[in-house]
Amino acid sequence: MFSVGHPAPADIKKDGSAFDLPIAMGILASTGQMHSIQHLKRFMLVGELGLDGGLRPVRGALSIAIAARDAGLAGLILPDENVAEAAVVEGVEVRGARTLLQVVRFLEGAGSLPAASVDREALFRTASTYDTDFADVRGQEHVKRALEVAAAGAHNILMVGPPGSGKTMLARRIPGILPPLTLEEALETTKIHSVAGLLGNGRSLVATRPFRAPHHTISDAGLIGGGSNPRPGEVSLAHHGVLFMDELPEFRRNVLEVLRQPLEDHEVCLARASISLTYPAKFMLAAAMNPCPCGHHGDAQRHCTCSPQAVQRYMARVSGPLLDRIDLHVEVPAVPFRELTDGRAGEPSEAIRERVRRAREVQLTRFAKRPDVHANAHMSPRDLHHFCRIGEAGDALLRTAIARLGFSARAYHRVLKIARTIADLEGAAEIGTAHVSEAIQYRSLDRGSAG
Ligand SMILES: Nc1ncnc2c1ncn2[C@@H]1O[C@H](COP(=O)(O)OP(=O)(O)O)[C@@H](O)[C@H]1O
Ligand SMILES: [Mg+2]
Ligand SMILES: [Zn+2]
């Protein structure tokens, strides 16, 4: 039979209705029902076909356009609804059609299908603003500072505080203080969202750092990806952005288990009988939890009704290997009503982002010869000796604190890493006592956990 189309990209399902259009065209061409087939080979065709000959949108238009470009084809023809998404890809002509007949006429050279044009830079500029700002958050200065430190070193962070203290509000604002997304990063993230079918409705480019907040009832497949036609999971949808896990202790054990691998490798490998895929998953983890089951342990304004054992059991749920991958812990107290209603605006996200950007630049220079390390959070214990020069006084303070607070060796490494980031925010080459003493505050859950 006459062969049409080209191998579809690996991350596109191959047995789907997206192949209605190429199959229909193949039949028309091979049974001599087309006047001319000379254009057919130059285009990749994709689309679901209705019984009335109308074309319906498909999932993954952006990845398909990338595949068409990489296959060296002149262009891609796909349903109108997918044009905006596919046209974001440079170097391939994208044409939209509404019906099978339009496609036939165009390929015969008898009709036209306009080529879409997109100004990617302009699209990127207009779409790359955030609709949340730290200026809206009253008080919580030390939490904002902790989030700035986390963003500056790409550290994962855990916020502990009672309901209503603003944990979700604060977390939502993290993407806006991370360094601006580059167009290249935007395209990587867009590709994943395209495969997951999350684009369309006027959204063709993910131009801001994603914020993903899966509910704690999520399955392991939902979190890291899966299914018979493996779909990207939340960790990949959060690529280059933030994964927010609210009520961390409520997530299923196995879900927290599978999270460890992407946290370590910054990608997910999904192996199925028929197909094996790797999706990128480089994200910053922000987690939140109550301090106890009732939520008010340590709250100055409300009374905690939990037994000490219940509090301990609750905290123990997040201990161990997962907590080990979270560099900063910060307590988020309830803000007194008076402070909430006082009109003073906080510092805008833009100002924080600028400090973060500068600190990241220092790190890019530091790790110029290490392609797998871009930020302080990614340093291995061996890197620490190499890159974390600490002054004598700072070192003495760190050792005393470690002994007194009962920190483990791992916690020691964490503190050193965070201190490095704090020094970078300040533009200091050497880690000093002020950096160490601030860093120690961000390890509150380690106290007394010697081992
Ligand atoms: N520091 C704050 N400044 C301004 N508004 C706040 C602050 N803390 C809480 N709020 C308000 O309270 C609401 C509930 O906060 P939320 O982030 O959902 O708390 P949590 O996630 O800790 O339960 C927010 O939507 C916001 O309107
Ligand atoms: Mg919340
Ligand atoms: Zn309680």
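Look above for the structure.
Residues numbered from 1 in each chain as written. Chains lettered and ligands numbered in written order. Predicted model: local features only at pLDDT ≥ 70, side-chain atom pairs only at ≥ 80, totals over all residues. Heavy atoms only, no water.

**What about the overall build of the protein chain?**
Item 1. If you tally the helices and strands in the protein chain, you get 18 helices and 14 strands.
Item 2. Across its three principal axes, the protein chain shows a C-alpha extent of roughly 85 × 50 × 45 Å.
Item 3. Here the protein chain, with 451 residues, has 52% of them falling under the buried criterion.
Item 4. A separation of at least 24 residues holds for 71% of the contacts in the protein chain among residues at least 6 apart in sequence.
Item 5. Here the protein chain displays about 21,000 Å² of accessible surface, and carbon together with sulfur accounts for 51% of that area. (Helix = DSSP H or I, 4+ residues; strand = E, 2+ residues; numbered from the N terminus. Buried < 20%, exposed > 50% of the residue type's maximum accessible area, 1.4 Å probe, protein only. Contact = heavy atoms within 4.5 Å. Areas by Shrake-Rupley, 256 points an atom, 1.4 Å probe, with all protein chains shown as cover.)

**Quick look at the site of ligand 1**
Item 1. In the vicinity of ligand 1, 14 residues are found, and the nearest of them are Arg138, Gly164, Lys167, Thr168 and Met169.
Item 2. Within the backbone of Gly164, one N or O atom sits 2.7 Å away from an oxygen atom of ligand 1.
Item 3. Within the backbone of Met169, one N or O atom sits 2.8 Å away from an oxygen atom of ligand 1.
Item 4. In the complex, 67% of the free accessible area of ligand 1, which totals 560 Å², lies under the protein chains.
Item 5. In terms of residue count, helix α7 (residues 167-172) provides more of the shell around ligand 1 than any other element does, 3 residues in total.
Item 6. Classifying every residue of the shell around ligand 1 gives 6 nonpolar, 5 polar and 3 charged. (Near = heavy atom within 4 Å. Polar contact = N/O pair within 3.5 Å; in protein donor to acceptor, adjacent residues only side chain to side chain. Nonpolar A, V, L, I, M, F, W, Y, C, P; charged D, E, K, R; others polar.)

**A word on the packing of aromatic side chains**
Item 1. This model, assessed by the stated rule, comprises 3 aromatic pairs.
Item 2. Aromatic pair Phe43 and Phe106: ring centres 5.5 Å apart, planes at 75°, arrangement edge-to-face. Of the two residues, Phe43 is situated in strand β1 (residues 43-45) and Phe106 in helix α4 (residues 100-107); the sequence distance between them amounts to 63 residues.
Item 3. According to the relative accessible area criterion, Phe106 is buried, its value standing at 12%. (Phe/Tyr/Trp six-rings, centres within 6.5 Å; stacked < 30°, edge-to-face > 60°.)

**A short note on the coordination of the zinc ion (ligand 3)**
Item 1. Here the zinc ion (ligand 3) is held by the protein donor atoms Cys292 (SG), Cys294 (SG), Cys304 (SG) and Cys306 (SG), which lie 2.2 to 2.4 Å from it.
Item 2. Metal-centred angles of 105 to 112° between the 4 donor atoms at the zinc ion (ligand 3) mark the site as tetrahedral.
Item 3. Ordering the donors of the zinc ion (ligand 3) by residue number gives the pattern C-x1-C-x9-C-x1-C.
Item 4. Its relative accessible area of 26% is what places Cys294 among the partly exposed residues. (Donors = N, O, S within 2.8 Å, 3.2 Å for Na, K, Ca; no water. Tetrahedral: all angles 85-135°; square planar, octahedral: opposite > 155°, others 65-115°.)

**A closer look at helix α1 (residues 20-30)**
Item 1. The complete set of buried residues in α1 reads Leu21, Pro22, Ala24, Met25, Gly26, Leu28 and Ala29.
Item 2. Of the surrounding elements, those touching the buried residues of α1 are β1, β2 (48-49), β3 (55-56), β4 (75-79) and α4.
Item 3. Once α1 finishes, Gly32 follows within two positions and takes phi at roughly 70°, a positive value.

**Quick look at the environment of Pro179**
Item 1. Mapping Pro179 onto the fold places it in the loop between α7 and α8 (183-195).
Item 2. Put simply, Pro179 and Phe134 are 45 residues apart on the chain and 15 Å apart in space, counted from C-alpha to C-alpha.
Item 3. Excluding residues that lie within four positions of it along the chain, Pro179 makes contacts with Arg209, Val356 and Arg360.

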